[in-house]
Each structure stands twice: as structure tokens, then as C-alpha cells.
Amino acid sequence: MEASSTEKKRRATRADVARLAGVSTAVVSYVFNNGPRPVAADTAQQVREAAEKLHYRPNSVARALSTGSSKTLGIVVPDLTNPFFSGVYSALETAAARNGYSTLFMASHQNPEKEMDRISQLIAREVDAIIIASAQPTSALAGVPRKECPFIFMDQTQPVPGAKCVSTDFQAAVSLAVRHLLGHGYTNIAMLSGKADDGLSDKRIQGWYQAHKETEIPVGPVVQAHFTRQGGYDATLALLDSDHRPDAIFADSDLEAIGALRALHERHVRIPDDIAIVSFDGTVDSQFSWPALTVVQQDATAIAERMFQAALDPQNTPDLQLIDTTLVPRQSCGCLK
Ligand code: RIB
């Protein structure tokens, strides 16, 4: 089985491999697509050897046309700078690659118009499914063209018709944080809230009110921040300048908590002696800040793997999956010295 010099120069096709291996093009396709028909082990070996000699690489566009699957997942990332998302997407990429899928990441920069544009681009590229943490409130998601391929929404705790949703159980998670702070004896807890309460899309704020209701402790101030370090920094300074100085802060993302730590240090507020902090996310930054942050840890790997499974097999996936969190005690709440 010798490849001719002409065959070596131009990009080899499936037909070239078939000719060199002495099989039909269909057999070459079965070998590279793992089916749909079985191929005898020695024939498959012959096809692989021919492919190697010709430097053949299966054409993914042609494969998408013939199998109806591009083996590619489209992922719309809201914020490339948030380490929580890096953790989830890194686990998602790993799960996809392990199963022979490529990932095509696009960023919406938290902008609904850019988000719609990125979705259209992914649909045009024939991705098998789109995974997205949307920049839009749940009420606006009906406008997302989700009939073209399976859609998986991350961070959505309400079902979205025609799509699958995977999220941390925000309400239970915030309850866990508040109960932990109350357990320490703090009774005047402020919340830094990264997202406007649109009533549906993010249950962190509902969790906050619910947790206070359960314990009958008066609800502390909620300061509107953004899911950013600057947002947490500004909101904490505003809190310190207000008449309602808290004895503890719950920040609903690690980025806000990092900003809060800086603001507290600048004002010489001791943590946790003067003001304790519990954060939400559990990114690697929370372990390396000083003091290290006590966090409600989101399970980034579980979120990624559930989203991947939902993308692969939407028919057998529940419409809504809520994932548990764990409280990781460190210095910022007063658990560890
Ligand atoms: O959108 C930002 C936040 O939502 C992240 O920090 C993480 O908490 C995510 O769920």
C-alpha cells in the first residue's frame, strides 16, 4: 500500500483513503465516525494506516452534512474575566473533549444584543447544542431562537420552555451562608447583590429574604453591586459610609468579596473581628485572598457535566436541575484563626 507522490501533495480526501485501503468510502466514514455500521478490526486498521500515510484529516464540515452532527458545542460566555465561569468552562471543555466533542466559545460581554448575535453565529456554524449563561432576564428568554438546536441555560432556576436549565440552587445556597453567619452570632448582616432583582432570573436575593424569614432576624441592608471586584469595593465603601454599619457581609460572588476585602482593609476594618465576610462561588481566588474567604462553594464540575449531558441527550434530561452547594469555612467568618 504505497501513497503516490501526487496523493502526498494535495490534501487527501476520503476517496483517496478508500482507494489506498481498498475499501469503499462508506467504510472509511464508518471508521472515522464510529459507525453507524461496524467495521472488522483488520479493515479498520488498514483504513487508519492508509489515512496516516496520506495525512488524511476527516473534514468536519462534510461529516456534519453526512451525519447531521458537527460534534461541536457552542458556548456563550457572559464574562470572560470571572474565574467562576473559567472553572465551569474548563470542566465543560474537558467533558466535551473526553467524548470527542469540540467547543466553540463566544463572549456576550453581558450584553443582550451581542448575546443574540453570538447565538446566531453559533447556529450558522451548525453546532449540536448551545450552552449559555444568559445576559437577559428569564422573562426575555422567550426571544432567544432556541428551536434550531438544543439550548441549555446555566444559572436559570426557573424552567425555560423548550430548553434545559442547570443551576446552583441559589435559594438554598444563600440560606446556608446566612445561617452560618447567624450561627456565629452576627445579627446585622448586609448583602452585596450583584444582580438587579428582576424577580425571576436569579434567586440569590430571594434566598436572602427567605433565610431571614426562617430565622426571624431583621433583614439587613442589601446594597446593589455588580458581579465585579469594583462593584464589591464600591458597595462596601457605601455600606461603611452609611448609618447602618453591619457586623457581617454576605457577598453574592467571589469577585464582589475580593473588592469588599480591599475596601475593608483600606478603612482599617478588621476581618472578621469588626466585620465578618462570607462569599459565594468558591473560586480559587477565595482560597488565596487574605484572610481566606469562607465561601458557599458552587460545584463547577457538576454544573459542567450536567450541562454537557443535557446537550448530548436533551430528550432524557429533566427541564430543570438544581445543584447543591457546600459551605467551606475559612478565616473571613471567624471559623479558622
Ligand atoms: O454572573 C456572575 C455570577 O453568577 C458568578 O460569579 C457566579 O456566582 C454565577 O453564578
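Small disclaimer: the values here were computed from a predicted structure and weren't measured.

Chemist: Whenever I open this one, the overall build of the protein confuses me. Can you help?
Modeler: Scanning the protein from terminus to terminus reveals 13 helices and 12 strands. Relative to a compact globule of 337 residues, whose C-alpha radius of gyration would be 20 Å, the protein shows 25 Å and is clearly more extended. Principal-axis analysis of the C-alpha atoms gives the protein an extent of 85 × 40 × 30 Å. Distance between charge centroids for the protein: 9 Å, based on 32 positive and 38 negative side chains.

Chemist: So what exactly am I meant to see when it comes to the domain arrangement of the protein here?
Modeler: Bring the parts together and some accessible area is lost; that lost area is often taken as the interface size. Domain annotation of the protein identifies domain 1 (5–58), domain 2 (70–169 + 300–322) and domain 3 (170–299 + 326–333). Centre-to-centre separation of domain 2 and domain 3, based on C-alpha positions: 27 Å. Residue-level contacts link 18 residues of domain 2 with 18 residues of domain 3. Between domain 2 and domain 3, a total of about 1500 Å² is buried, with carbon and sulfur atoms accounting for 51% of that surface. A per-residue breakdown of the area domain 2 buries against domain 3 is headed by Pro83, Phe84 and Asp169, which together make up 30% of the total. On the surface where domain 2 and domain 3 come into contact, there are zero salt bridges. Here domain 2 is connected to domain 3 by nine residue pairs in polar contact (both at pLDDT 80 or more). Element by element, the count of residues in the side of domain 2 that touches domain 3 is highest for helix α13 (residues 300–312), at four residues.

Chemist: Looking at this structure, how should I read the packing of helix α2 (residues 14–21) against helix α3 (residues 25–33)?
Modeler: The contact between α2 and α3 brings their axes to 8 Å, and the two run at 105°. Judged by the angle between their axes, α2 and α3 are roughly perpendicular. Taken together, the residues of α3 that come into contact with α2 (itself represented by Arg14, Ala15, Val17 and Ala18) are Thr25, Val28 and Ser29. By residue class, the composition of the contact of α2 with α3 is four nonpolar, two polar and one charged.

Chemist: Is there a simple way to think about the side chain of serine 286 in this case?
Modeler: The residue serine 286 is located in helix α12 (residues 284–288) in this model. Polar side-chain contacts of serine 286 include one of 2.6 Å to the backbone oxygen of threonine 283. Residues in contact with serine 286, not counting those within four places in the same chain, are Asp254, Ala292, Leu293, Val295 and Arg330.

Chemist: Just checking my understanding: could you explain the sheet that holds strand β10 (residues 294–297) for this structure?
Modeler: Either a parallel or an antiparallel arrangement is found when strands of a sheet pair, and the pairing is made through backbone hydrogen bonds. Sheet architecture is open: six strands sit in the order β7-β6-β8-β9-β10-β12, paired in mixed fashion. The open sheet has two free edges, formed respectively by β7 (222–224) and β12 (326–328), since each of these has just one partner strand. Taking each pair of neighbouring strands and ignoring which way they run, the sheet shows an average axis angle of 20°. Two strands pair when backbone bridges link them, and β10 and β12 are joined in this way by three bridges, in the antiparallel orientation. Along β12, the bridge assignment pairs glutamine 297 with threonine 326.

Chemist: Can you help me understand the site of the ligand in this one?
Modeler: By nearness alone, every residue bordering the ligand is listed as Asn82, Phe84, Phe85, Asp155, Phe170, Arg204, Phe227, Ser253, Phe280, Asp281 and Gln298. Contact between the ligand and aspartate 281: an oxygen atom at 2.5 Å from a side-chain N or O atom of the residue. The side chain of glutamine 298 places a nitrogen or oxygen atom 3.1 Å from an oxygen atom of the ligand. Considered on its own, the ligand offers 280 Å² of accessible surface; in the complex 95% of this is hidden by protein. For the shell around the ligand, the secondary-structure elements that each account for two or more residues are α6 (83–98) and β9 (276–281). Residues belonging to the shell around the ligand are distributed by class as follows: five nonpolar, three polar and three charged. Shared between two domains, the shell around the ligand takes at least three residues from each, and those domains are domain 2 (70–169 + 300–322) and domain 3 (170–299 + 326–333).

Chemist: In this structure, what is going on with the pairing of strand β11 (residues 320–323)? I would like to understand it.
Modeler: Consecutive residues of a regular strand have side chains that alternate between opposite faces of the sheet. Burial of the side chains of β11 is restricted to one face: Gln321 and Ile323 are buried, whereas none of Leu320 and Leu322 on the reverse face is. Pairing of strand β5 (residues 164–168) with β11, which is carried by four bridges, proceeds in the parallel orientation. Bridging from a neighbouring strand, threonine 168 pairs with isoleucine 323 of β11.

Chemist: Sorry if this is basic, but what is going on with the packing of aromatic side chains here?
Modeler: Aromatic ring pairs are described here by two measures, namely the spacing of the ring centres and the angle between the planes. Counted by the stated rule, this structure contains eight aromatic pairs. Chaining the aromatic ring pairs together yields one cluster made of Phe84, Phe85, Tyr89 and Phe105. The aromatic ring of phenylalanine 170 is capped on one face by arginine 204, whose charged end is 4.2 Å from the ring centroid.

Chemist: Help me understand the pattern of salt bridges in this model?
Modeler: Side chains that differ in charge, positive against negative, can pair when their charged atoms come close. Taken as a whole and assessed by the stated rule, the structure comprises seven salt bridges. The salt bridge involving aspartate 319 is made with lysine 164; its shortest N-O contact spans 2.7 Å. Pair noted here: aspartate 319 is in the loop between α13 and β11 and lysine 164 is in strand β5, with a separation of 155 residues, a long-range link. For aspartate 319, a relative accessible area of 44% corresponds to the partly exposed category. Residue classification places lysine 164 among the buried positions, given a relative accessible area of 13%. Note that aspartate 241 and arginine 267 form a salt bridge whose closest N and O atoms lie 2.8 Å from each other. In this pair, aspartate 241 is assigned in helix α10 (residues 229–241) and arginine 267 in the loop between α11 (254–266) and β9, connecting sequence segments 26 residues apart.

Scoring rules and cut-offs
- Residues numbered from 1 in each chain as written.
- Predicted model: local features only at pLDDT ≥ 70, side-chain atom pairs only at ≥ 80, totals over all residues.
- Heavy atoms only, no water.
- Helix = DSSP H or I, 4+ residues; strand = E, 2+ residues; numbered from the N terminus.
- Rg over C-alpha atoms; globule rule 2.2 N^0.38 Å.
- Lys, Arg positive; Asp, Glu negative; His and termini not counted.
- Charge placed at Lys NZ, Arg CZ, Asp CG, Glu CD.
- Domains from an automatic or database assignment.
- Contact = heavy atoms within 4.5 Å.
- Buried area = accessible area lost by both parts, 1.4 Å probe.
- Salt bridge = Lys/Arg side-chain N within 4 Å of Asp/Glu carboxyl O.
- Polar contact = N/O pair within 3.5 Å; in protein donor to acceptor, adjacent residues only side chain to side chain.
- Axes fitted to C-alpha atoms, helices over the stretch in contact; angles between N-to-C directions.
- Parallel < 35°, antiparallel > 145°, perpendicular 65-115°, else oblique.
- Nonpolar A, V, L, I, M, F, W, Y, C, P; charged D, E, K, R; others polar.
- Pairing = 2+ DSSP bridges.
- Near = heavy atom within 4 Å.
- Areas by Shrake-Rupley, 256 points an atom, 1.4 Å probe, with all protein chains shown as cover.
- Buried < 20%, exposed > 50% of the residue type's maximum accessible area, 1.4 Å probe, protein only.
- Phe/Tyr/Trp six-rings, centres within 6.5 Å; stacked < 30°, edge-to-face > 60°.
- Lys NZ or Arg CZ within 6 Å of the ring centre and 35° of its normal.

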